[in-house]
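Each chain, letter by letter, is given below.
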Amino acid sequence: LEAGTDAVTEVPPERWDADAYYDPDPDAPGKMNTRWGGFLRDVDRFDAEFFGVSPREAVSMDPQQRLVLETAWRALEHAGVPPQSLAGSKTGVFLGICTSDYARLGDPRLGDTVGTLGALDTYSGTGGACGVAAGRLSYTLGLQGPSLVVDTACSSSLVATHLAVQSLRLGECRLALAGGANLVLLPDGTVTLSRLHMMAPDGRCKPFDAAADGFVRGEGCGVVVLKKLADARADGDRVLAVISGSAVNQDGRSSGLTAPNGLAQERVVRDALANAGRKPAEVAYVEAHGT
């Protein structure tokens, strides 16, 4: 956004062969009707020594876990909070993660095919488990507040942030790290979404437009540092934004498992506004799911 560039590109060759998997027909078995995505570069790079991780363990760590460590550290630095100062504190970690592609890749050092048992080592269990991402961050920084990973599909990071806010209000923690990570390392997820006719063939989201025909998968990691406003002011922190309120619900019954329920989604917006003590007319910006 700052540079005015487009982060959506064709599938990098180190992920998979786009030509081998592409077919304009979304119903083609084993194929995907898109060649596009928002891919991060150098996801195999990681300063393991900085985080006290051995080179051998680092190879077995899901890059999503590595991204969480790096991004959380940067977020704390940006907030003016020395990461080492949080050891032993009631600091919570709330993350949204909903993919585990790396666990199914196998260990590339062993030359095994995807998913073979021979690729497993001592660190595969902790390295490939989504739930360990939060625990690893808490372990690395010595945090003793709540630590959990949420998977609610596309809303995972938002729900994690909602839970972080609730935890701060309940006094379970005084500071919370909330966010999420997502990497697309295997083609099968995109193939499945293509079969569901959810992928935009041209790699462009066009929501609220007559030409809307799906979304684009993207990668990234984000972490925010949260405190109750009174605590942040008492500590002299720089406050970038305030979460006035939030709400969570589920669509319940609709025309299908993946189809939205307009009334339920209207209700959760009303609940969030009520929780925040805001009126609809005060809302100046709305962000919606790319589909």
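Anyway, here's the lowdown on the structure attached to this text. Numbering of residues starts from 1 in every chain and runs along the sequence as written. Local features in this predicted model are restricted to residues of pLDDT 70 or higher, and side-chain atom pairs are both shown and tallied only at a pLDDT of 80 or more, whereas totals for entire chains, interfaces and linings draw on every residue. In computing side-chain properties, one takes all heavy atoms of the structure into account and sets aside hydrogens as well as water.

### Focus on the overall build of the protein chain
Here is step 1: Strands here mean DSSP runs of E at least two residues long; helices mean DSSP runs of H or I at least four residues long; both are numbered from the N terminus. Assigned secondary structure in the protein chain consists of nine helices and six strands.
Here is step 2: We compute the radius of gyration over the C-alpha atoms and compare it with the globule rule, which gives 2.2 Å times the number of residues raised to the power 0.38. Whereas a compact globule of 291 residues would reach a radius of gyration of roughly 19 Å, the protein chain reaches 20 Å, a difference of no more than 12%.
Here is step 3: Burial classification: accessible surface area is computed with a 1.4 Å probe over protein chains only, and a residue below 20% of its type maximum counts as buried, one above 50% as exposed, and the rest as partly exposed. Put simply, the protein chain has 291 residues, and 38% of those count as buried.
Here is step 4: With residues, only the protein chains shown are counted as cover, and all accessible areas are computed by Shrake-Rupley using a 1.4 Å probe. As presented, the protein chain carries roughly 16700 Å² of accessible surface, and 55% of it is formed by carbon and sulfur atoms.
Here is step 5: Computed over 27 positive and 36 negative side-chain charges, the inter-centroid distance for the protein chain is 7 Å. Asp and Glu are treated as the negative residues and Lys and Arg as the positive ones, with His and the ends of the chain left uncounted. Charge coordinates come from a single atom per side chain, which is NZ of Lys, CZ of Arg, CG of Asp or CD of Glu.

### A short note on helix H3 (residues 63-78)
Here is step 1: Here H3 contains 16 residues, and its C-alpha end-to-end distance of 22 Å stays within 8% of the 22 Å for a straight helix at 1.5 Å per residue.
Here is step 2: With 12 of 16 residues buried, H3 lies mostly within the body of the structure.
Here is step 3: Among the residues of H3, Pro63, Gln64, Gln65, Arg66, Leu67, Val68, Leu69, Thr71, Ala72, Trp73, Ala75 and Leu76 are the ones counted as buried.
Here is step 4: Residues of H3 that are buried sit in contact with helix H2 (55-60), strand S3 (91-96), helix H4 (124-128), helix H5 (132-141), strand S5 (175-182) and strand S6 (220-226).
Here is step 5: The backbone nitrogen of glutamine 64 lies 2.8 Å from a side-chain oxygen of the residue at the head of H3, namely aspartate 62.
Here is step 6: Phi for glycine 80, located one or two positions after H3, is positive at around 75 degrees. By definition here, a helix of n residues has an expected span of 1.5 Å times n minus one. In this analysis, two residues are considered to be in contact whenever any of their non-hydrogen atoms come within 4.5 Å of each other. In protein, a polar contact requires one atom able to donate a hydrogen and another able to accept it; more generally it is a pair of N or O atoms within 3.5 Å, and residues adjacent in sequence count only if both atoms are side-chain atoms.

### Some words on the environment of alanine 134
Here is step 1: Mapped onto the elements of the fold, alanine 134 is located in helix H5.
Here is step 2: Separated by 42 residues in the primary sequence, alanine 134 and glycine 92 place their C-alpha atoms 9.2 Å from one another.
Here is step 3: The contacts of alanine 134, once residues within four sequence positions are left out, are Val93, Leu95, Ser147, Leu148 and Val149.

### Considerations on H5
Here is step 1: Those residues of H5 not exposed but buried are Ala133, Ala134, Arg136, Leu137, Ser138 and Leu141.
Here is step 2: Looking at the buried side of H5, the elements it contacts are H2, H3, S3, H4, strand S4 (147-150) and S5.
Here is step 3: Where H5 ends, the next residue or the one after it, glycine 142, has phi of about 70 degrees, a positive value.

### Focus: the sheet that holds S4
Here is step 1: Taken in spatial order, the four strands of this open sheet run S4-S3-S5-S6, and their pairing is mixed. The strands lining the two open edges of the sheet, one partner per strand, are S4 and S6. Neighbour-to-neighbour, the strand axes of this sheet turn through a mean angle of 15 degrees, independent of strand direction.
Here is step 2: Paired strands, as defined in this entry, are two strands with at least two bridges between them according to DSSP. Bridging between S3 and S5 involves six bridges; their strand directions are parallel. To get an axis, a line is fitted to the C-alpha atoms, and for a helix only the part in contact is used. The angle between two axes follows their N-to-C directions and goes from 0 to 180 degrees.

### Observations concerning the nonpolar core
Here is step 1: To form a nonpolar core, buried Ala, Val, Leu, Ile, Met, Phe, Trp, Tyr and Cys residues must be joined to one another through side-chain atoms within 4.5 Å. Ranked by size, the top nonpolar core spans 26 residues in total, and within it Phe46, Val53, Leu137 and Leu177 carry the most contacts.
Here is step 2: Listed by contribution, the elements that provide at least two residues to this core are H3, S3, H5 and S5.
Here is step 3: For valine 53, the contacting residues outside a window of four places in its chain are Phe46, Ala48, Ala58 and Met61.
Here is step 4: Counting 11 residues, the second largest nonpolar core, distinct from the first, contains Val165, Leu168, Ala176 and Leu226.

### Regarding the pattern of salt bridges
Here is step 1: Note on definitions: salt bridges are taken to be side-chain nitrogens of Lys or Arg within 4 Å of carboxyl oxygens of Asp or Glu. As enumerated under the stated definition, the model contains 15 salt bridges in all.
Here is step 2: Here aspartate 19 makes a salt bridge to arginine 35, at a shortest N to O gap of 2.5 Å. Pair noted here: aspartate 19 is in helix H1 (residues 18-21) and arginine 35 is in the loop between H1 and strand S2 (36-38), with a separation of 16 residues, a long-range link.
Here is step 3: Exposure remark for aspartate 19: the relative accessible area of 55% places this residue in the exposed category.
Here is step 4: Where aspartate 202 meets lysine 206, a salt bridge forms, and the shortest distance between an N and an O atom there is 3.0 Å.

### Thoughts on the packing of aromatic side chains
Here is step 1: Between 30 and 60 degrees the pair is tilted, below 30 it is stacked and above 60 it is edge-to-face, where a pair is any two Phe, Tyr or Trp rings, Trp via its six-membered ring, whose centres lie within 6.5 Å. Within the structure shown, the criterion is met by five aromatic pairs.
Here is step 2: Between phenylalanine 50 and tryptophan 73, the ring centres sit 4.9 Å apart and the planes meet at 75 degrees, which makes this aromatic pair edge-to-face. One end of the pair, phenylalanine 50, is in the loop between S2 and H2; the other, tryptophan 73, is in helix H3, and 23 residues separate them in sequence.
Here is step 3: Under the relative-accessibility criterion, tryptophan 73 is labelled buried at 16%.
Here is step 4: Measuring from ring centre to ring centre gives 5.9 Å for phenylalanine 51 and tryptophan 73, while their planes differ by 90 degrees; the resulting arrangement is edge-to-face.

### Regarding the side chain of asparagine 33
Here is step 1: Inspection of the secondary structure assignment puts asparagine 33 in the loop between H1 and S2.
Here is step 2: Here asparagine 33 falls in the buried class, since its relative accessible area comes to 5%.
Here is step 3: In contact with asparagine 33, other than residues within four places in its own chain, are Tyr22, Asp23, Pro24, Asp25, Pro26, Ser194, Met199 and Pro201.

These results come straight from atomic positions and should not be treated as a statement about function.
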